[in-house]
Amino acid sequence: EPEVTQTPSHQVTQMGQEVILRCVPISNHLYFYWYRQILGQKVEFLVSFYNNEISEKSEIFDDQFSVERPDGSNFTLKIRSTKLEDSAMYFCASSKQGAGNTIYFGEGSWLTVV
Amino acid sequence: GESVGLHLPTLSVQEGDNSIINCAYSNSASDYFIWYKQESGKGPQFIIDIRSNMDKRQGQRVTVLLNKTVKHLSLQIAATQPGDSAVYFCAENIDSGNTPLVFGKGTRLSVIA
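Computed from a prediction, not measured in an experiment: that's the story for all the values here.

Rules behind the numbers
- Residues numbered from 1 in each chain as written.
- Chains lettered and ligands numbered in written order.
- Predicted model: local features only at pLDDT ≥ 70, side-chain atom pairs only at ≥ 80, totals over all residues.
- Heavy atoms only, no water.
- Contact = heavy atoms within 4.5 Å.
- Buried area = accessible area lost by both parts, 1.4 Å probe.
- Salt bridge = Lys/Arg side-chain N within 4 Å of Asp/Glu carboxyl O.
- Polar contact = N/O pair within 3.5 Å; in protein donor to acceptor, adjacent residues only side chain to side chain.
- Helix = DSSP H or I, 4+ residues; strand = E, 2+ residues; numbered from the N terminus.
- Nonpolar A, V, L, I, M, F, W, Y, C, P; charged D, E, K, R; others polar.
- Buried < 20%, exposed > 50% of the residue type's maximum accessible area, 1.4 Å probe, protein only.
- 1 Å grid on protein atoms, 1.4 Å probe; cavity = no way out; pocket = protein on both sides within 12 Å on 5 of 7 lines; lining within 4 Å.
- Points joined across faces, edges and corners; volume = space filled by probe spheres on them.
- pLDDT = per-residue confidence, 0-100.
- Core = buried A, V, L, I, M, F, W, Y, C linked by side-chain atoms within 4.5 Å.
- Pairing = 2+ DSSP bridges.
- Axes fitted to C-alpha atoms, helices over the stretch in contact; angles between N-to-C directions.

1. Some thoughts on the interface of chain B and chain A
Next, step 1: Each partner contributes residues to the interface: chain B has 25 residues there, and chain A has 19 residues.
Next, step 2: For the chain B and chain A pair, buried surface summed over both sides reaches about 1700 Å², with 56% attributable to carbon and sulfur atoms.
Next, step 3: Taken as a group, P44, N98 and F103 of chain B account for 27% of the area that chain B buries against chain A, more than any other trio of residues on that side.
Next, step 4: Where chain B packs against chain A, one counts zero salt bridges.
Next, step 5: At the junction of chain B with chain A, the criterion picks out five residue pairs in polar contact (both at pLDDT 80 or more).
Next, step 6: Secondary structure elements with two or more residues in the side of chain B that touches chain A: strand 4 (32-38), strand 5 (45-51) and strand 9 (86-93) of chain B.
Next, step 7: For the side of chain B that touches chain A, the element with the most residues is strand 4 of chain B, which contributes four residues.
Next, step 8: The residue inventory of the side of chain B that touches chain A, partitioned by class, reads 10 nonpolar, nine polar and six charged.

Here is the structure:
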């Protein structure tokens, strides 16, 4: 069964450092997403991406965050200068179509900022 | 305020019994709903979805009920098994535009063997 894959599974980084989280969405999907989950809390939307551009983003997704689809398979989330409060599980997700269609999630990348 | 929420944060069920997990939503424009299961340290796993033109949908051992009048969603798990122990999230979406999927806080289901 096709699945969303994410790397790394866990990363520890120093405050102020740049982090890139990588994702390979399901191959025939056209819509890509990043969500995050702070420990013990609900899953929060960060950004959606379609046709090589951001289609929607939340208040969390400030200027420190960026997304990119550098090639035909990868979808990345970059945090330019990490803060302690960026520590969370980051989930990549994808769907065939946009709103109103099933979104499939990866296993997550656990980011710890120290 | 929060659009999607859950009535019960934890639920303990005896193995073999049926489980019912509830969810309230406040956005009357929402017309697509998904239940996800999240095991510890893993990503949300799709269980079942329902659109607002339906009030019930059944899957394998799971049933989702939608009551649009009171903006309530429930997930029923038949013959609950230890492997069903997880956190369950409901999520809502509007079936048009770019509105993102919004998650509720989650209910932890513990199955007692």
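2. Notes on the pattern of salt bridges
Next, step 1: Throughout the structure, instances matching the rule amount to three salt bridges over all chains.
Next, step 2: Where R36 of chain A meets E44 of chain A, a salt bridge forms, and the shortest distance between an N and an O atom there is 3.2 Å.
Next, step 3: With a relative accessible area of 11%, R36 of chain A lands in the buried category.
Next, step 4: The closest approach of N and O atoms between D49 of chain B and R57 of chain B, which form a salt bridge, is 2.2 Å.
Next, step 5: Residue D49 of chain B is classed as buried on the basis of its relative accessible area of 9%.
Next, step 6: On the basis of relative accessible area, R57 of chain B is assigned to the partly exposed category, the value being 35%.

3. Digging into the side chain of S48 of chain A
Residues and elements named next belong to chain A.
Next, step 1: You can see S48 is positioned in strand 5 (residues 44-50).
Next, step 2: Looking at S48, the relative accessible area reads 5%, which means it is buried.
Next, step 3: Non-local contacts of S48, meaning those with residues more than four positions away in its chain, are made with F32, Y33, E53, I54, S55 and E56.

4. Some thoughts on unusual backbone geometry
Glycine aside, residues mostly have negative phi, and peptide bonds are mostly found in the trans state.
Next, step 1: In the segment running from T7 of chain A into P8 of chain A, the intervening peptide bond is cis, with an omega of -10°.
Next, step 2: Along the chain, P8 of chain A falls in the loop between strand 1 (5-7) and strand 2 (10-13).
Next, step 3: A positive phi angle is found at R61 of chain B, which is not glycine, with a value near 65°.
Next, step 4: Its place among the elements puts R61 of chain B in the loop between strand 6 (56-58) and strand 7 (62-67).
Next, step 5: One non-glycine residue, A79 of chain B, lies in the positive phi region at around 45°.
Next, step 6: Assignment of secondary structure puts A79 of chain B in the loop between strand 8 (72-77) and strand 9.
Next, step 7: Accessibility expressed as a relative area gives 36% for A79 of chain B, which makes it partly exposed.

5. Here's the deal with the layout of surface pockets
Next, step 1: Of the volumes computed, that of the largest pocket is approximately 510 Å³.
Next, step 2: With three residues, the top contributor of residues to the lining of the largest pocket is strand 4 of chain B.
Next, step 3: Of the voids in this model, the second largest pocket is the one considered here, and its volume is about 390 Å³.
Next, step 4: Lining of the second largest pocket is provided by 19 residues; of these, Q37, L39 and G40 of chain A together with Q38 and R108 of chain B occupy positions nearest its centre.
Next, step 5: For the lining of the second largest pocket, the secondary-structure elements that each account for two or more residues are strand 9 and strand 11 (107-112) of chain B.

6. Notes on the confidence of the model for chain A
Next, step 1: On average, residues of chain A score 94 in pLDDT, and 100% of them are at 70 or above.
Next, step 2: By mean pLDDT, strand 6 (residues 53-57) of chain A is the weakest element of chain A at 93, and strand 3 (residues 19-24) of chain A is the strongest at 98.

7. Let's talk about the nonpolar core
Next, step 1: Counting residues in each nonpolar core, the largest one holds 21 residues, and the members touching the most others are W34, L46, F61, V67, F75, L77 and Y90 of chain A.
Next, step 2: For this core, the secondary-structure elements that each account for two or more residues are strand 3, strand 4 (31-37), strand 5, strand 7 (65-68), strand 8 (75-79), strand 9 (88-95) and strand 11 (109-113) of chain A.
Next, step 3: Counting residues in each nonpolar core, the second largest holds 20 residues, with I21, I48, V64 and Y88 of chain B among its members.

8. Observations concerning the sheet that holds strand 8 of chain A
Residues and elements named next belong to chain A.
Next, step 1: Reading across from one edge, 1-3-8-7 is the order of the four strands in this open sheet, with antiparallel pairing throughout. The open sheet has two edge strands with one neighbour each: strand 1 and strand 7. Strand-to-strand, the axes of this sheet are offset by a mean angle of 20°, without reference to chain direction.
Next, step 2: The pairing of strand 3 with strand 8 spans five bridges and is antiparallel. Following the sheet pairing, R22 is matched in strand 8 by T76.

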